[in-house]
Amino acid sequence: ILTSSISLWGQNIQSNSIDLTYSPVTLKASGNGTSISASMDAFSANWAQTMSLTDRQPIFLQYGAGLQYAWGGDKETSYGTTFKNTISFLTAKIPVNVLYRLDIPNTEYAFVPYFGINLQGHILGQATYSYNNVSETTNYFSKDDMGEGRYNRFVVGWQIGARLTYQRYFLGIAYEGPITNLYKENNVKLNMSQINLSLGFSF
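Sequence order as written defines the numbering, with residues in each chain counted from 1. The predicted origin of the model limits local features to residues at a pLDDT of at least 70 and limits the giving and counting of side-chain atom pairs to 80 or more, whereas totals for whole chains, interfaces and linings rest on all residues. By convention in this description, side-chain values take in all heavy atoms of the structure and omit both hydrogens and water.

## Here's the deal with empty space enclosed by the protein
The condition that has to hold: Residues are said to line a cavity or pocket when one of their atoms sits within 4 Å of a point; the points come from a 1 Å grid over protein atoms alone, cavities being sets where a 1.4 Å probe fits but cannot get out and pockets being open sets with protein on both sides within 12 Å along at least five of seven lines. Grid points are joined across faces, edges and corners, and a volume is the space filled by probe spheres set on the points. As a working rule, the residues Ala, Val, Leu, Ile, Met, Phe, Trp, Tyr, Cys and Pro are called nonpolar, Asp, Glu, Lys and Arg charged, and the rest polar, with Gly in that last group. Secondary structure is summarised from DSSP: a helix means a run of H or I of at least four residues, a strand means a run of E of at least two, and numbering begins at the N terminus for each.
Evaluation of the coordinates by the stated rule reveals 2 cavities of 30 Å³ or more. Each pocket or cavity is described by its volume, and for the largest cavity that value is around 390 Å³. What lines the largest cavity is a set of 29 residues, among which D19, N46, P95, R163 and N196 lie closest to the centre. Partitioning the lining of the largest cavity into residue classes produces 10 nonpolar, 15 polar and 4 charged. Looking at the second largest cavity, its volume works out to about 130 Å³. Lining the second largest cavity are 15 residues, with Q120, H122, V155, M192 and S193 positioned closest to its centre. Counting residues per element, the ones that place at least two in the lining of the second largest cavity are β4 (81–100), β6 (109–131), β9 (169–178) and β11 (188–202). Counting residues per element, the lining of the second largest cavity draws most heavily on β11, which supplies 4 residues.

## Examining the confidence of the model for the protein
Low pLDDT means the predicted atomic positions in that stretch should not be read closely. Heads up, the condition is: Confidence scores per residue from the predictor, reported as pLDDT, run from 0 to 100. Any pair of residues with heavy atoms lying within 4.5 Å of one another is described as a contacting pair.
Residues with a pLDDT of 70 or more make up 93% of the protein, whose mean pLDDT is 90. For residues 1–11, every residue scores under 50 in pLDDT, and the model assigns this stretch 38 contacts once sequence neighbours within four places are set aside.

## Notes on the nonpolar core
Applied cut-off: Nonpolar core, defined: a set of buried Ala, Val, Leu, Ile, Met, Phe, Trp, Tyr and Cys residues in which side-chain atoms within 4.5 Å join the residues together. Throughout, exposure labels follow a simple rule: accessible area from a 1.4 Å probe, protein chains only, divided by the maximum for the residue type, with under 20% read as buried, over 50% as exposed, and the rest as partly exposed.
M40, F89, Y140, Y151, L182 and M192 are the most contacted members of the largest nonpolar core, which has 16 residues in total. Among residues more than four places away in sequence, those in contact with Y140 are I87, F89, G125, Q126, A127, M146, R150 and Y151.

## With respect to the packing of aromatic side chains
Spelled out, the test is: Aromatic pairs are defined between Phe, Tyr and Trp rings, using the six-membered ring for Trp, whenever the two ring centres lie within 6.5 Å; interplanar angles under 30 degrees are classed as stacked, those over 60 as edge-to-face, and all others as tilted.
Across all of its chains, the model carries 12 aromatic pairs by this definition. Ring geometry for Y69 versus W71: centroids 5.9 Å apart, planes at 20 degrees, classification stacked. According to the relative accessible area criterion, Y69 is partly exposed, its value standing at 37%. We classify W71 as partly exposed; its relative accessible area is 35%. Arranged with centres 5.7 Å apart and planes meeting at 15 degrees, the rings of F89 and Y140 form a pair that is stacked. Highlighted residues: F89 in strand β4 and Y140 in the loop between β7 (134–139) and α1 (143–146), separated in sequence by 51 residues. Taking the relative accessible area as the measure of exposure, F89 reaches 1% and is therefore buried.

The following block contains the structure:
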């Protein structure tokens, strides 16, 4: 994730990176002794800047921004009529991570574990139900559509993961979970969690 050698700890090392990420997403509702989940797929494009925190240890601070689109749903055909239900979210994310870089001796590879938090702002969140060329869309963040049960547009999450870097390139895997709820009323809460699989490069 870093563009330059980190053997000179006295230098203030900075780098930028971009990546494309695929994420299997789980949307889970739980409470009152029951649990229901739905699966979605997501793609995101992300930018980050990384800088050294100390001149003695390979510890780094990384912050950035990303845009993720997630979608899912199902369809069923009965008596010649197709019923289709789709869910989609468009989300802007601001992650902040602490990284530790472990260079693999005698190679150009490095292992970079990290953990941190992310701020999420949902630009779009909706469900569309359609049949016989008729469709109805519900905006999860609209008071007109959801009343007092509308979802929270702003959510805080956390992540833990690791990257394998080679020169300017890296592969990454991470798990991302919630700190605050996408929705909560009485004993029922709704949250998203996901696994992030990333491919990117630094510059």
